[in-house]
Amino acid sequence: MAAYKIQVETGTALLAKTLDCISITLVGSLAEGEKRLLDHFGPDFIPGATDVYHIREKKDLGDIKLIRLHKEPFSFFPEDSWFCNHVTVESATGKIYHFPGYRWIEGYLTVELPEGTATLASEEALNPLLLKRRENELKERQETFKWRVYHKAFPRCIDVGDIKELDSNVKFSITKILTFGLRVSGSLLEIKLKGFSGRQESWKSLQDLKRVFGTYKTATSEYVSQHWREDAFFGYQFLNGVDPMMIKKCNKIPENFPVTDSMVGCILGPKTNLTEELKRGKIFIVDYKILDGIPGNMLNGRQQYMASPLCLLYLSPQDEMIPLAIQLNQTPGPENPIFLPSDNEWDWLLAKMWARSSNLFIHQALYHVLRTHLFAEVFCISTLRQLPMSHPLYKLLIPHHRYTLQINTLARASLIAPGGFFDKSTAIGLSGFAELLSRDMQSMTFTSFCITDDLKSREVESVPNFYYRDDGLKIWSAIESYVSGIVDCYYKGDESIQKDQELQAWVREIFKEGFLERKSSGVPSSLQTRAELIKYLTMVIFTSSAQHAAVNTGQFDFLSWMPNSPCTMRQPPPKTKGTATLESVLEILPEVGTTTALMLAVRLLSEEPGDTRPLGTLPEENFTEEEPKRCIKVFQERLSQISAEIESRNASLPLKYNYLNPNGIENSVSL
């Protein structure tokens, strides 16, 4: 006889328990045990409980490689879903085997859980049972998670019509659903009660904007509302605002942006000129050429307008990024003047508003939706389809895919759907949004997803007070070190990487379904070396966590004060100078209802609504071996150190940069 102690841990969620009958079968290296009912007097499998059972087998089963959990009806009770966290099996000799589950088990069926030691397929080649289980798991997942073409030029997405069709294991928790729902309904009610919803008239004054959310504000949103007109703050946002991805060093003034020394001399001062400052590396540019030719949307039966500006900036002796000149369209000429800080106050302010409006479209469509949300979804689906749960890279990556499929499915049903936010509240509209993504897909590169390479390509490595860069590089390095440790645990050389067909299928599918097999992107379709694998995995985790936090968390802070980033303009860009006034600017800016739609959207999307998991928080113990656990602990300690460094720096700043503080970075794209 062989005795075994079974411990079954049920999840803590409100509905995690089950009344169904649960049985277990142990499968060992020597033999397979009998099906055993797990049952005590009284309730079993209640939320948060660990139930202990003792079973005996007729003979020693050897090392336990696999367990089968059988879920069957109990009496007359209806089927009852169960969330199984973890199962441990202890033999009479004291050896403990771990079986991570962390999944909903729905219906009456048998689920196989492999022993928790991470393995490559090649290591199970001599065990047909385990190899077959591995293959069957992927076949089942590939049936559950299928690709869909949402738009021919976009990355592919999950093939579901709405969130009801999603597998339960990728849906929001009850906590997140309730909190998110209450926040949405509460914000909508507040807007309605104050009478702002749907109103089509212009704002009578800028101060009226503060009445929209009343007491709901942040220290940064208040700072923005007070400083948004200042040139130094305009430049600051290109470094540490909600979109720090556009600014780059200018080595030569573009031919289509004929800025002269006489135009900017009053800013540069009498002892220097543009040529000298270009040589010194003090001139920077933001070019919105990608927007050129995209027509404006129609809102409430009225034509809206867009621009494709060029902004020239100067890193002053005080280390402030100061705008020197703004041209609102790409083709120079008499009807496309270059606006300057020396112009009429309202002319210059309006030019900056046009630039910030253009920045809103680039930020939301490209750096937020496309380059974090949509690609995080590609990474997620490929992981679920190509990596079995016993694969070390599945265990590494799965925490960084939590809730991504549901939040993106919701976005496709609301934000980027006909009648959704982009369609009904922005100048770019849904068709312009699609065109913008299509253009970016044709030019994006693998290196643009890697912060180390991206910063070099933009030549902004030495710009002072660039906190996105400073904090982002620390986070990238911490992730890279963590990934390196995990890779070292399971891959003993480049050859093992090359021969891992599951890994190669994962990379190949991302290249095909995400980057649409565009070889000019530089995105690999296979990985050959340890260095390539580490960089690729670091990119996936950074994109799905830190990069998303950098472009998402500050949305309310920087965008809720509408004049700082108008979501539409109701008149075309000015063709002459000297005509702008406060009254004319209010007629150009979004109307009341459109403004409140923007403010509502950024309020709902800026703050996680509960059930959060900050970067490095891994309550689900997918790794059971000591070495990967040590790597996780070191990673968590480094993140804690980075957090302390950020908070120490922020203590002396008038405007804190906290978007890449590990404490506030979600593990995954979940909002």
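A quick note: this is a predicted structure, and the numbers were derived from the prediction, not measured.

With respect to topology, five strands assemble into an open sheet ordered β11-β12-β15-β16-β17, the strand pairing being antiparallel. The open sheet has two edge strands, β11 (248-249) and β17 (338-339), and neither has a second partner. Across two bridges, β11 lies against strand β12 (residues 283-287) in antiparallel orientation. Of the residues in β12, the one forming a bridge with Lys248 is Ile285. Across the sheet, helix α4 (residues 231-240) touches β12, β15 (310-315) and β16 (321-327), and the angle it forms with β16 is around 95 degrees.

Turning to the nonpolar core, a few remarks are in order. In this structure, Ile6, Leu26, Ile67, Val87, Val89 and Trp506 are the most contacted members of the largest nonpolar core, which totals 181 residues. The element best represented in this core is helix α7 (residues 345-386), accounting for 23 residues. Beyond its immediate stretch of four places on either side in the chain, Ile6 contacts Ile24, Leu26, Asp51, Val52, Tyr53, Ile55, Val87, Thr88 and Val89. In terms of nonpolar packing, the next biggest core, distinct from the first, is built from 17 residues, Ile253, Leu278, Ile283 and Leu310 among them.

Quick look at the sheet that holds strand β7 (residues 96-105) now. Strands sit in the order β4-β1-β6-β7 across an open sheet of four strands; the sheet is antiparallel. Either end of the sheet is taken by a strand with one partner, and the two such strands are β4 (50-57) and β7. With direction set aside, neighbouring strand axes in the sheet form an average angle of 20 degrees. Where strand β1 (residues 2-10) lies against strand β6 (residues 82-91), seven bridges are found, and the strand directions are antiparallel.

The description of an aromatic ring pair uses the distance of the two centres, along with the angle that the planes make with each other. Scanning the entire structure with this criterion turns up 27 aromatic pairs. Ring plane angle 20 degrees and centroid distance 6.2 Å describe the contact between Tyr490 and Phe623, whose orientation is recorded as stacked. On the criterion of sequence distance, the pair formed by Tyr490 in helix α13 (residues 467-490) and Phe623 in the loop between α19 (592-606) and α20 (626-650) is long-range, its members being 133 residues apart. Among the aromatic residues, those joined into a ring-pair cluster are Tyr223, Phe233, Tyr236, Tyr467, Phe558, Tyr657 and Tyr659. Taking NZ or CZ as reference, Lys176 lies 5.1 Å from the ring centre of Phe172, over its face. Over the face of the ring belonging to Tyr150 we find Arg412, whose NZ or CZ atom lies 6.0 Å from the ring centre.

Okay, α19 next. Relative to the 21 Å expected for 15 residues at 1.5 Å per residue, α19 spans 21 Å between its end C-alpha atoms, a close match to the ideal helical length. By the criterion of burial, α19 is predominantly enclosed, with 14 of the 15 residues buried.

Before going further, it helps to examine the side chain of Glu115. As for its position among the elements, Glu115 is in the loop between β8 (109-114) and α1 (128-144). An unpaired buried charge is present at Glu115: no salt bridge exists, and Lys65, the closest side chain of opposite charge, is 6.8 Å distant. Of note is the side chain of Glu115, whose polar atom sits 3.4 Å from the backbone nitrogen of His98. Residues contacting Glu115, with those up to four places away along its chain left out, are Ile64, Lys65, Tyr97, His98, Phe99 and Thr624.

Below, the discussion takes up the environment of Arg518. With respect to the element layout, Arg518 can be found in the loop between α15 (501-514) and α16 (530-552). The buried category is assigned to Arg518, whose relative accessible area is 15%. Linking Arg518 and Gln528, residues 10 residues apart in sequence, is a C-alpha distance of 19 Å. Beyond its immediate stretch of four places on either side in the chain, Arg518 contacts Met441, Gln442, Ser443, Met444 and Phe511.

Okay, unusual backbone geometry next. Of note in the backbone geometry, Asp319 takes a positive phi value of approximately 65 degrees without being a glycine. A positive phi angle, close to 70 degrees, is found at Tyr403, a residue other than glycine. You can see Tyr403 is positioned in the loop between α8 (392-397) and α9 (404-413).

Note that Asp471 resides in helix α13. Along the primary structure Asp471 and Ile322 are separated by 149 residues, whereas in three dimensions their C-alpha atoms are 23 Å apart. Those residues in contact with Asp471 that sit more than four places away from it in its chain are Ile646, Arg649, Tyr657 and Leu660.

What follows covers the pairing of β6. Most of β6 is tucked away, with nine of its 10 residues classed as buried. Sheet analysis places β6 next to β7, joined by eight bridges and oriented antiparallel. Bridging from a neighbouring strand, Trp82 pairs with Ile105 of β7. Hairpin connection between β6 and β7: a loop of four residues separates the two successive antiparallel strands, and Gly94 in this loop has a positive phi of roughly 95 degrees.

Rules used in this analysis
- Starting from 1, residues in each chain are numbered consecutively following that chain's sequence as written.
- Predicted model: local features are reported for residues with pLDDT of at least 70 only, side-chain atom pairs are reported and counted for 80 or more only, and whole-chain, interface and lining totals are derived from all residues.
- Here the side-chain values reflect all heavy atoms present in the structure, with hydrogen atoms and water set aside.
- By this definition, two strands are paired if DSSP reports at least two bridges between them.
- Counting from the N terminus, the helices are DSSP H or I runs at least four residues long and the strands are E runs at least two residues long.
- Note on contacts: a residue pair is in contact if any heavy atoms of the two residues lie within 4.5 Å.
- For helices, the fitted axis covers only the stretch in contact; all axes are lines through C-alpha atoms, and the angles between them, taken along N-to-C directions, range from 0 to 180 degrees.
- Residue types Ala, Val, Leu, Ile, Met, Phe, Trp, Tyr and Cys, when buried and joined through side-chain atoms within 4.5 Å, form a set referred to as a nonpolar core.
- In this scheme, a residue with accessible area under 20% of its type's maximum is buried, one over 50% is exposed, and one in between is partly exposed, where area comes from a 1.4 Å probe on protein chains only.
- Working definition: a ring pair exists when centres of Phe, Tyr or Trp rings (six-membered ring for Trp) sit within 6.5 Å. Plane angles under 30 degrees give stacked, over 60 give edge-to-face, the rest tilted.
- Two conditions define a charge located above a ring, namely a distance within 6 Å from the ring centre to NZ of Lys or CZ of Arg, and an angle within 35 degrees of the ring normal.
- How far a helix is expected to stretch is found by multiplying one less than its residue total by 1.5 Å.
- A residue counts as positive if it is Lys or Arg and as negative if it is Asp or Glu; His and the chain ends are not included.
- Within this document, salt bridges are pairs made up of a side-chain nitrogen of Lys or Arg and a carboxyl oxygen of Asp or Glu, the two lying within 4 Å of each other.
- Here a polar contact means two N or O atoms within 3.5 Å. Within protein one must be a hydrogen donor candidate and the other an acceptor candidate, and residues neighboring in sequence count only if both atoms are side-chain atoms.

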